[in-house]
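These are the residues of each chain, in order.
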Amino acid sequence: MRLYVNGRGSGKTMWAMLESARTGVPILALNRTYKQSVIKMALDFGIDIPEPVTIEDLNESGKNKVEEVIVDEAQELLQRMLEVKIIGLTMTDSEKSKF
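All of the points below concern the structure found in this document. Computed from a prediction, not measured in an experiment: that's the story for all the values here. (Residues numbered from 1 in each chain as written. Predicted model: local features only at pLDDT ≥ 70, side-chain atom pairs only at ≥ 80, totals over all residues. Heavy atoms only, no water.)

Attention now goes to the environment of Asp44. Looking at where Asp44 falls in the secondary structure, it is placed in helix 2 (residues 32-45). The sequence separation of Asp44 and Val5 amounts to 39 residues, and the corresponding C-alpha distance is 23 Å. Within the local environment of Asp44, its side chain forms a polar contact with the side chain of Lys40, the two groups lying 2.8 Å apart. (Helix = DSSP H or I, 4+ residues; strand = E, 2+ residues; numbered from the N terminus. Polar contact = N/O pair within 3.5 Å; in protein donor to acceptor, adjacent residues only side chain to side chain.)

So, about the environment of Pro52. One can find Pro52 in the loop between helix 2 and helix 3 (55-60). What makes Pro52 buried here is its relative accessible area of 1%. Separated by 22 residues in the primary sequence, Pro52 and Leu30 have C-alpha atoms spaced 10 Å apart. Non-local contacts of Pro52, meaning those with residues more than four positions away in its chain, are made with Ile27, Lys35, Val38, Ile39 and Asp57. (Buried < 20%, exposed > 50% of the residue type's maximum accessible area, 1.4 Å probe, protein only. Contact = heavy atoms within 4.5 Å.)

Our next topic: helix 1 (residues 12-23). When the terminal C-alpha atoms of helix 1 are compared, their 16 Å separation across twelve residues agrees well with the 16 Å that a helix rising 1.5 Å per residue should span. Buried within helix 1 we find Lys12, Thr13, Ala16, Met17, Glu19 and Ser20. Angularly, the buried residues of helix 1 cover 165° about the axis, an arc narrow enough to put them on a single face. For helix 1, the elements touching its buried residues are strand 1 (27-28), helix 2 and strand 2 (70-71). One or two steps after helix 1, the chain reaches Gly24, where phi turns positive at roughly 80°. (Expected span 1.5 Å × (residues − 1). Arc of directions from axis to C-beta.)

Okay, the packing of helix 1 against helix 2 next. Viewed as axis vectors pointing N to C, helix 1 and helix 2 meet at an angle of 75°, and their least axial separation amounts to 11 Å. As the angle between them shows, helix 1 and helix 2 are arranged roughly perpendicular. In this structure, helix 1 contributes Thr13, Met14 and Met17 to the contact, and helix 2 contributes Tyr34, Val38, Met41, Ala42 and Phe45. In the contact of helix 1 with helix 2, the residues fall into seven nonpolar, one polar and no charged. (Axes fitted to C-alpha atoms, helices over the stretch in contact; angles between N-to-C directions. Parallel < 35°, antiparallel > 145°, perpendicular 65-115°, else oblique. Nonpolar A, V, L, I, M, F, W, Y, C, P; charged D, E, K, R; others polar.)

With that out of the way, let us pick up helix 2. If you check helix 2, its first and last C-alpha atoms are 20 Å apart, about what 14 residues at 1.5 Å a residue would give, namely 20 Å. Buried residues belonging to helix 2 abut helix 1, strand 1 and helix 3. Among the residues trailing helix 2, Gly46 stands out with phi positive, at a value near 70°.

For the coordinates displayed, the defined rule picks out nine salt bridges. In this structure, Arg22 engages Glu19 in a salt bridge whose closest nitrogen and oxygen atoms are separated by 3.0 Å. You can see Arg22 and its partner Glu19 sitting in helix 1, three residues apart, about one turn around the helix. Its relative accessible area of 57% is what places Arg22 among the exposed residues. When its relative accessible area of 11% is taken as the criterion, Glu19 is described as buried. By sharing partners, the salt bridges in this structure join Arg32, Lys35, Glu51, Asp57 and Glu60 into a single network. (Salt bridge = Lys/Arg side-chain N within 4 Å of Asp/Glu carboxyl O.)

If you want it as C-alpha cells, here you go:
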C-alpha cells in the first residue's frame, strides 16, 4: 500500500488521481458531492480516471463489487464513519507484513 501524507492544498488529491489513472483503481471519495468534485478536477486537468466511488456506491455495488480503492482524505472519511475525532492512527502495510 502507498501512503501520501501532507497538508491541505498540497496535492494529495492530485496524487490520488494520478495513481487512479495509472492503476485503474477508483478513488473512494468522502461523499457524492466530493465525488463530483474529483470528477471535475480530473476533467479540468485532463486526467482519465475510473469513476470515483463513495461508501454508498460500495454498499450498493452488488455483483459489480469494487475490489480495490484509493482512499482520498482517509482521516476525514474514518472520522465521519466513526463520528469521533481521530487524534492518532497506526497502519500495517499488508504487502510488507509476514504472516
